[in-house]
Amino acid sequence: MEKRFISFSPPDISDLEISEVKEVLKSGWITTGPKTKLLERRLASYILSGKTDIDCDSTIETSEYSNRLVCLNSATAAEELNFKILGIRPGDEVIVPAYTYTASASAAIHCGAKIIFIDIQKNGDRITHAPEMDYEALEEAITSRTKAIVTVDLGGIVCDYDKIFEIVERKRHLFSPLESDKSPLGDLNSRIQRGLGRVAIVADCAHSLGASRTFKHVGHEHGKDNKKIYCGEIADFTDFSFHAVKNFTTAEGGASTWNLPQSVYDLGITDKEIYKFYQLLSLHGQDKDALSKAKVGAWEYDIIGPWYKCNMTDIMAAIGLKQLDRYLGLIDRRSQIISKYDEQCDRLGISHLIHHTDYMDSSNHLYLIRIPELDENGRNKVITKMAELGVSTNVHYKPLPMMTAYKEMSGGIDRYPNSYDYYHNLITLPLHTLLSDEDVIYICDVLNKVVNE
Ligand SMILES: Cc1ncc(COP(=O)(O)O)c(C=O)c1O
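A few points on the structure.

Thresholds, definitions, all that
Residues numbered from 1 in each chain as written. Predicted model: local features only at pLDDT ≥ 70, side-chain atom pairs only at ≥ 80, totals over all residues. Heavy atoms only, no water. Salt bridge = Lys/Arg side-chain N within 4 Å of Asp/Glu carboxyl O. Helix = DSSP H or I, 4+ residues; strand = E, 2+ residues; numbered from the N terminus. Buried < 20%, exposed > 50% of the residue type's maximum accessible area, 1.4 Å probe, protein only. Core = buried A, V, L, I, M, F, W, Y, C linked by side-chain atoms within 4.5 Å. Contact = heavy atoms within 4.5 Å. Polar contact = N/O pair within 3.5 Å; in protein donor to acceptor, adjacent residues only side chain to side chain. Phe/Tyr/Trp six-rings, centres within 6.5 Å; stacked < 30°, edge-to-face > 60°. Lys NZ or Arg CZ within 6 Å of the ring centre and 35° of its normal. Axes fitted to C-alpha atoms, helices over the stretch in contact; angles between N-to-C directions. Parallel < 35°, antiparallel > 145°, perpendicular 65-115°, else oblique. Left-handed = near helix turned anticlockwise from the far one by under 90°. Nonpolar A, V, L, I, M, F, W, Y, C, P; charged D, E, K, R; others polar. Near = heavy atom within 4 Å.

Re the pattern of salt bridges
What the rule picks out here adds up to 24 salt bridges. The residue Arg145 makes a salt bridge to Glu93 at a minimum N-O spacing of 2.9 Å. Placement of Arg145 in the loop between helix H5 (135-141) and strand E4 (146-152) and of Glu93 in strand E2 (residues 93-97) is noted, with a sequence separation of 52 residues between them. With a relative accessible area of 44%, Arg145 lands in the partly exposed category. On the accessibility criterion, Glu93 (4% relative accessible area) is buried. Salt-bridge contacts for Asp361 lead to Lys228; the nearest nitrogen and oxygen are separated by 3.5 Å. On the criterion of sequence distance, the pair formed by Asp361 in strand E11 (residues 360-361) and Lys228 in strand E7 (residues 228-230) is long-range, its members being 133 residues apart. You can call Lys228 partly exposed: its relative accessible area is 45%.

Brief notes about the nonpolar core
Phe83, Val94 and Tyr161 are the most contacted members of the largest nonpolar core, which has 108 residues in total. No other element matches helix H11 (residues 314-348), which puts seven residues into this core. Once residues within four sequence positions are removed from consideration, Phe83 is found in contact with Ile88, Val94, Ala107, Ala108, Cys111, Ala148, Val150 and Val202. In this structure, Tyr341, Cys345, Ile369 and Leu429 belong to the second largest nonpolar core, which totals 24 residues.

A word on the side chain of Ser410
Mapped onto the elements of the fold, Ser410 is located in helix H13 (residues 404-410). One polar contact links the side chain of Ser410 to the main-chain carbonyl oxygen of Lys407, over a distance of 3.1 Å. Here Gly412 takes part through its backbone nitrogen, which lies 3.2 Å from a polar atom of the side chain of Ser410. For Ser410, the contacting residues outside a window of four places in its chain are Phe117, Pro401, Arg415 and Tyr416.

What about the packing of aromatic side chains?
Under the definition given, this model contains eleven aromatic pairs. Each ring, one from Tyr46 and one from Tyr230, has its centre 6.1 Å from the other, and the planes form 45 degrees; the classification is tilted. Within this pair, whereas Tyr46 is found in helix H2 (residues 34-49), its partner Tyr230 is found in strand E7, the two being separated by 184 residues in sequence. Residue class for Tyr230 comes out buried when judged on its relative accessible area of 16%. Of note, Arg379 hangs over the ring of Tyr423, and the distance from its end group to the ring centre comes to 4.6 Å.

Quick word on unusual backbone geometry
Along the chain, His396 connects to Tyr397 via a cis peptide bond; the corresponding omega equals 5 degrees. Along the chain, the position of Tyr397 falls in the loop between helix H12 (376-388) and H13. Positive phi, normally seen in glycine, also occurs at His129, with a value near 65 degrees. By secondary structure assignment, the location of His129 is in the loop between strand E3 (114-118) and H5. The backbone phi angle of Lys182 is positive, close to 75 degrees, even though this residue is not glycine.

Observations regarding the packing of helix H3 (residues 75-86) against helix H9 (residues 271-282)
It is the contact of H3 with H9, at a shortest axis distance of 10 Å, that shows an interaxial angle of 125 degrees. It follows that H3 is oblique to H9 by the angle criterion. Pair H3 / H9 crosses with right-handed handedness. Contacts between H3 and H9 pair Leu81, Asn82, Lys84 and Ile85 from the former with Ile274, Phe277, Tyr278, Leu281 and Ser282 from the latter. Partitioning the contact of H3 with H9 into residue classes produces six nonpolar, two polar and one charged.

A word on the site of the ligand
Surveying the vicinity of the ligand reveals 13 residues, the closest of which are Thr76, Asp204, Ser241, Lys246 and Tyr397. The side chain of Thr76 places a nitrogen or oxygen atom 2.5 Å from an oxygen atom of the ligand. Lys246 is positioned with one of its side-chain polar atoms (N or O) 2.7 Å from an oxygen atom of the ligand. Grouping the constituent residues of the shell around the ligand by class yields six nonpolar, five polar and two charged.

Here's what the structure looks like:
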């Protein structure tokens, strides 16, 4: 077997992205502007329809996909703004799985909330093997202080939102919405919480753009029964990541979207108002963006809150527009690689994520395997041996209670035995669209050799 060098997750950037970026660089407008607004409408149309080729090139205000999604500079910023729109503040509790990346928890901490960590199900979900929360423990953890649950579609596999919606509905009686402090944002927060009347579901879909699931019942939208619904249209609030290692990249970048029940809109809230607050929160609380200020005589602006700076630039959006043109092909190619890995892992008796079932299609983001009868040390040796043979692998994730920042806050990893168990023999194989068929065969051969040794 001739040695190959396989990187873990390089970005797949074609000449299309390069020429679109060049066009923006030459256009005289490189920060947030028309490309970002177009990407927002096109991503919204993808999430709502599953199609990437809907013509959204109409004016911002008239497109049915306007004011539905906000592009930002990361998923972390997107999650934090989701909490700011929801009104998360000190005194609130936010429930987060112990098995995730730090951003799922840190965004709520930045808003002053207390994190309540929840262990995962033993060996993950029964069918997909994804490290999903223990839903009984989740239900027990909801108190009168709980304002949000962060769900994580890890690896691109969509959580069981049927179950999560049922849980928050059953706990409605414990929920007390925030009182308005009469400020414009505080008033929006209060109306959203009153309209929801229950704990909010805030999805961390950093991995799951394009993933979908068929629901029996999606909380508030009965019309969606037994329909295939895409991430972004499932939870109350969602964040996506377009970081360099993700399926869909803008180098760094992310997006927020929301899908609120009619009872919220009945309180006079519109998507336009929500969108406006995301814009304000992401751009210093300034009531005009750079493009609006650039219009003749329109220099003057107000600052309505001392807020954040996390907008997307048109250079990033240019990459995203061309990634979106290619995206359905990219996730199909990932699916082909996954089928090859599935065959090899099944032959070797290695447990792996199931990315496609009759009710769910993942975005095919990560391929997690768990090698039986290995301790942590043995797992690390497999990683080193595979690297020596040229195959880079990774671990998603070391549970948060094992991290310095979270040890004390969580009470330590001993309280999350299923998370530790899931992690201790886990390896993430390379899964990306620069892998050739020969690379995939090589990775399978290396896995076979190292595991058998
Ligand atoms: C599960 C999860 N959530 C959130 C993030 C944060 O994404 P970003 O780097 O775009 O802020 C990541 C990044 O890898 C992630 O894996």
